[in-house]
Amino acid sequence: MKKVSIIIPCYNEKNTIIQLLKKVKDLSINKEIIVVDDCSTDGSREILKEKGEKIADKVIFHEHNQRKGGALHTGFAAATGDILIPQDADLELDPNDIVKVVEPILENKAEVSMGSRFLNTKMKGYKRNQLANIVLTKFSNMCTKQKITDVNCCYIAFKRKYLQQLALKERDFAINPELIGRISTIGLKIVEVPIQYFPRTSEEGKKVKFRDGFKAIRAIWKYRVK
C-alpha cells in the first residue's frame, strides 16, 4: 500500500498544533507524519517535545527560522512515503481533506493533485485576499499552461519520485508558485479537488503578508514554462 508523507511546517502555532496532529493521526490512510518546527518562539517547540513527538512519526527542530519553504525542504528530505503533501499547522484547512486530495494519485489517475478552496464553492476570506488570489492564479495559469483555480493552496500532493527532478529552491511562501511552475515545466498536469476552508485573521495568527504577493509574482514568472 502506498504511503503518504504529510509534511507540517510549524512556526508559532501553539494553539493549534496538537489539535491538528490528532486530526492528521486519525486519517484513514497509510501515512507518515513529519513536523518541522521552524524555530518557534511562542512555546510550540516545548509543546511538540512534550506531546507532539508522541503523535508524529518525526519531529524536526530548526535552530534558526528558515520560513515555510525552508521547513518544507527539511520535511521533504526526511520523507520516506510514495506521495508528499504539505499541511499547514493552523486549522484553516481541514486535514480530513488530505484523503480527498491524494486519492487521484493513490488510484493512479494523476501524478499531481491539488486542493482548491474555491472550486465549486463561493470564495471565503477578505475581499483583498480573494482578489489577490484571483490575479495570482490567472497569472500562474498563463505562465504554466495549467487550469487551476487556487494557486495559493498548500495542498499540493505529488509523487516523491519527482522531488529530485523538481529541484526546489525557494525558502519562503514563494515555494507554492515554484512547485506549480516546476511541476508544469516537467510536463505534469495538476488535477484539482475541492476542499474546505476556514480563514483566520492576522490577529488570529495568519502569517502571509502583502509583500508575499510580490514574491509570488516574481516566482510565477521565474518558474514559468518556457
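Up top is the structure these notes are about.
What counts and how
Residues numbered from 1 in each chain as written. Predicted model: local features only at pLDDT ≥ 70, side-chain atom pairs only at ≥ 80, totals over all residues. Heavy atoms only, no water. Buried < 20%, exposed > 50% of the residue type's maximum accessible area, 1.4 Å probe, protein only. Helix = DSSP H or I, 4+ residues; strand = E, 2+ residues; numbered from the N terminus. Polar contact = N/O pair within 3.5 Å; in protein donor to acceptor, adjacent residues only side chain to side chain. Phe/Tyr/Trp six-rings, centres within 6.5 Å; stacked < 30°, edge-to-face > 60°. Lys NZ or Arg CZ within 6 Å of the ring centre and 35° of its normal. Pairing = 2+ DSSP bridges. Salt bridge = Lys/Arg side-chain N within 4 Å of Asp/Glu carboxyl O. Axes fitted to C-alpha atoms, helices over the stretch in contact; angles between N-to-C directions. Parallel < 35°, antiparallel > 145°, perpendicular 65-115°, else oblique. Contact = heavy atoms within 4.5 Å. Nonpolar A, V, L, I, M, F, W, Y, C, P; charged D, E, K, R; others polar. Right-handed = clockwise from strand over helix to strand, strands pointing away.

Student: Even after reading the chapter, I still don't get helix H7 (residues 175-185), so can you show me in this structure?
Tutor: Residues lying three or four places apart along an α-helix face the same way, a consequence of the helix completing one turn every 3.6 residues. Of all 11 residues that make up H7, 10 are buried, and the element is covered over most of its length. Backbone geometry just downstream of H7 places Gly187 in the positive-phi region, at approximately 85°.

Student: What exactly am I supposed to notice about the side chain of Glu178 here?
Tutor: Positionally, Glu178 belongs in helix H7. Here the side chain of Glu178 touches Lys169 through a polar contact of 2.7 Å, landing on its backbone nitrogen.

Student: Which parts of the structure should I look at to understand the packing of aromatic side chains?
Tutor: The geometry of an aromatic ring pair is captured by two quantities: the separation of the ring centres and the angle between the planes. Tallied over the full model, the rule gives two aromatic pairs. When the centroid spacing of 5.7 Å and the interplanar angle of 80° are considered together, the rings of Phe76 and Phe158 count as edge-to-face. Residue Phe76 is located in helix H3 (residues 67-78), and its partner Phe158 is located in strand E6 (residues 156-159); the two are separated by 82 residues in the primary sequence. Given the relative accessible area of 1%, Phe158 is considered buried. Where Phe118 meets Tyr197, the ring centres are 6.2 Å apart and the plane angle is 90°; that geometry is what we call edge-to-face. A residue pair is termed long-range when its members are at least 10 positions apart, and Phe118 in the loop between strand E5 (112-116) and helix H5 (127-144) and Tyr197 in the loop between strand E7 (190-194) and helix H8 (210-222) qualify at 79 residues. Relative accessible area serves as the criterion here: at 11%, Phe118 is assigned to the buried category. Its end group placed over the ring of Tyr197, Arg117 keeps NZ or CZ at 4.7 Å from the ring centre. The positively charged end of Arg224 is found above the aromatic ring belonging to Trp221, 3.8 Å away from the centroid.

Student: How do you make sense of the pairing of E6 when you look at a structure like this?
Tutor: Put simply, side chains in a regular strand alternate between the two faces of the sheet. Burial of E6 is two-sided: the residues Ile156 and Phe158 facing one way and the residues Ala157 and Lys159 facing the other way are all buried. Inspection of the sheet shows strand E4 (residues 83-86) paired to E6 by two bridges, in the antiparallel sense. Following the sheet pairing, Leu84 is matched in E6 by Phe158.

Student: Can you walk me through the pattern of salt bridges in this structure?
Tutor: It is possible for side chains bearing opposite charge to pair when their charged atoms get close. Scanning the entire structure with this criterion turns up 14 salt bridges. Between Arg45 and Asp37 there is a salt bridge, with its nearest N and O atoms 3.0 Å apart. Just as Arg45 is buried, Asp37 falls in that class too. Arg45 is paired through a salt bridge with Glu63; the nearest N and O atoms lie 3.6 Å apart.

Student: Would you take a moment to explain the packing of helix H1 (residues 17-25) against helix H2 (residues 44-55) for this structure?
Tutor: When two helices pack together, their arrangement is given by the angle between the helix axes and by the axis-to-axis distance. At a minimum axis distance of 10 Å, the contact between H1 and H2 shows a crossing angle of 5°. Viewed along their axes, H1 and H2 adopt a mutual orientation that is roughly parallel. Facing H1, whose interface residues are Ile17, Ile18, Leu21, Lys22 and Lys25, H2 presents Ile47, Leu48, Lys51, Gly52 and Ile55. Classifying every residue of the contact of H1 with H2 gives six nonpolar, one polar and three charged.

Student: Just checking my understanding: could you explain the sheet that holds E7 for this structure?
Tutor: Each strand in a sheet pairs with another by means of backbone hydrogen bonds, the pair being arranged parallel or else antiparallel. Spatially, seven strands are ordered E3-E2-E1-E4-E6-E5-E7 in an open sheet, and the strand pairing comes out mixed. The sheet is open, and its two borders are formed by strand E3 (58-61) and E7, each paired with just one other strand. When strand polarity is set aside, the average angle formed by the axes of neighbouring strands in this sheet is 20°. Bridge analysis of E5 against E6 gives three bridges, and the strand direction is antiparallel. For Met114, the partnering residue across the bridge sits in E6 and is Ile156.

Student: Would you take a moment to explain the pairing of strand E1 (residues 4-10) for this structure?
Tutor: Of all seven residues that make up E1, seven are buried, and the element is covered over most of its length. Alternating residues of E1 divide into Val4, Ile6, Ile8 and Cys10 and Ser5, Ile7 and Pro9, and every residue in both groups is buried. Where E1 lies against strand E2 (residues 31-37), seven bridges are found, and the strand directions are parallel. By the bridge assignment for E2, Ile6 is matched with Ile33. The β-α-β motif built from E1, the intervening H1 and the parallel element E2 has right-handed crossover chirality. Examined bridge by bridge, E1 and E4 share four bridges and lie parallel to one another. Each residue of the ladder has a partner; that of Val4, found in E4, is Ile83.

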